[in-house]
Amino acid sequence: MDKFLEAAIEEAKKGMREGGIPIGSVLVRDGAIIGRGYNRRVQDNDPVMHAEINCLHNAGRIGSYSGTVLYSTLMPCYLCAGAVVQFGIKKVVAGESQTFLGAREFMESHVVQVIDYADPECKRLMAEFIRDNPQLWSEDIGKL
């Protein structure tokens, strides 16, 4: 498995242990993690604190995002894809998109390379979470 996806999965598990939604993200430049985060919507009572947004927040002001790669355990939604496009991140690696299709086409239409690993661990984390928390999941994806 890709070591950066593994790091994103560890972030997702942190969120799950805190009673949140198990989605994690890391930002990579030159082979090193420069930001990491996980979905904190529940913990912070903040509707926009998605994993990718939390990751970018934790990376801080890095100047240019040229050459960075954003990893996420789940295909980014339109909110997070908008941040990817806004900051000029040109590559996104998603752990999976079976659970949630996200905004792949939007990112690709803005010349972002999107890779979907279809990772079994990412799928398992989300399937278990959705089974145990269907209402929270529906709220997270705006389907209540």
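Values in this document were obtained by computation on a predicted structure and should not be read as measured data. (Residues numbered from 1 in each chain as written. Predicted model: local features only at pLDDT ≥ 70, side-chain atom pairs only at ≥ 80, totals over all residues. Heavy atoms only, no water.)

Asker: An account of the pairing of strand S3 (residues 68-72) is requested, with residue identities and associated values reported.
Answerer: Within S3, five of the five residues are buried, leaving the element largely enclosed by the surrounding structure. Of the two faces of S3, the one holding Thr68, Leu70 and Ser72 and the one holding Val69 and Tyr71 are both buried throughout. The pairing of strand S1 (residues 24-29) with S3 spans five bridges and is antiparallel. Paired with leucine 27 across the bridge in S3 is leucine 70. (Buried < 20%, exposed > 50% of the residue type's maximum accessible area, 1.4 Å probe, protein only. Helix = DSSP H or I, 4+ residues; strand = E, 2+ residues; numbered from the N terminus. Pairing = 2+ DSSP bridges.)

Asker: Describe the packing of helix H3 (residues 51-59) against helix H4 (residues 78-87), naming the residues involved and giving the relevant values.
Answerer: The N-to-C vectors of H3 and H4 enclose an angle of 40°; their axes lie 8 Å apart at closest approach. Listed contacts from H4 to Glu52, Ile53 and Leu56 of H3 are Leu79, Cys80, Ala83 and Phe87. For the contact of H3 with H4, a count of residues per class yields six nonpolar, no polar and one charged. (Axes fitted to C-alpha atoms, helices over the stretch in contact; angles between N-to-C directions. Contact = heavy atoms within 4.5 Å. Nonpolar A, V, L, I, M, F, W, Y, C, P; charged D, E, K, R; others polar.)

Asker: Just give me the short version of the pairing of strand S5 (residues 113-116), but keep the residues and values in it.
Answerer: Relative to S5, strand S4 (residues 91-94) runs parallel, the two sharing four bridges. Of the residues in S5, the one forming a bridge with alanine 94 is aspartate 116. Since S4 and S5 lie parallel, the crossover through helix H5 (residues 104-109) that links them has a hand, and here it is right-handed. (Right-handed = clockwise from strand over helix to strand, strands pointing away.)

Asker: An account of the sheet that holds S3 is needed here, citing residue identities and associated values.
Answerer: Taking strand neighbours across the sheet as the criterion, the five strands line up as S2-S1-S3-S4-S5 in an open arrangement whose pairing is mixed. Two strands close off the open sheet at either side, each with one partner strand: strand S2 (32-38) and S5. Each strand of the sheet is rotated relative to its neighbour by a mean of 15°, with strand direction disregarded. The sheet contact formed by S1 and S2 spans six bridges and is antiparallel. Bridging across to S2, arginine 29 finds its partner in alanine 32.

Asker: So what about the nonpolar core? Which residues, and what values?
Answerer: Of all hydrophobic cores here, the largest spans 17 residues; its most connected members are Leu27, Leu70, Val84, Ile89 and Met107. Once residues within four sequence positions are removed from consideration, isoleucine 89 is found in contact with Leu27, Leu56, Tyr65, Thr68, Leu70, Val84 and Val112. By size, the runner-up hydrophobic cluster in this structure holds 13 residues, among which are Ala8, Val93, Cys122 and Leu125. (Core = buried A, V, L, I, M, F, W, Y, C linked by side-chain atoms within 4.5 Å.)

Asker: Describe in detail H4, supporting the description with residues and values.
Answerer: Think of an α-helix as 3.6 residues a turn; residues three or four steps apart then line up on the same face. Within H4 the residues assigned to the buried category are Cys80, Ala81, Ala83 and Val84. One face of H4 carries all of its buried residues, which in axial projection span an arc of 155°. Relative to its buried face, H4 has exposed residues pointing more than 90 degrees away, namely Tyr78 and Gln86. Just downstream of H4 lies glycine 88, where phi reads positive at about 75°. (Arc of directions from axis to C-beta.)

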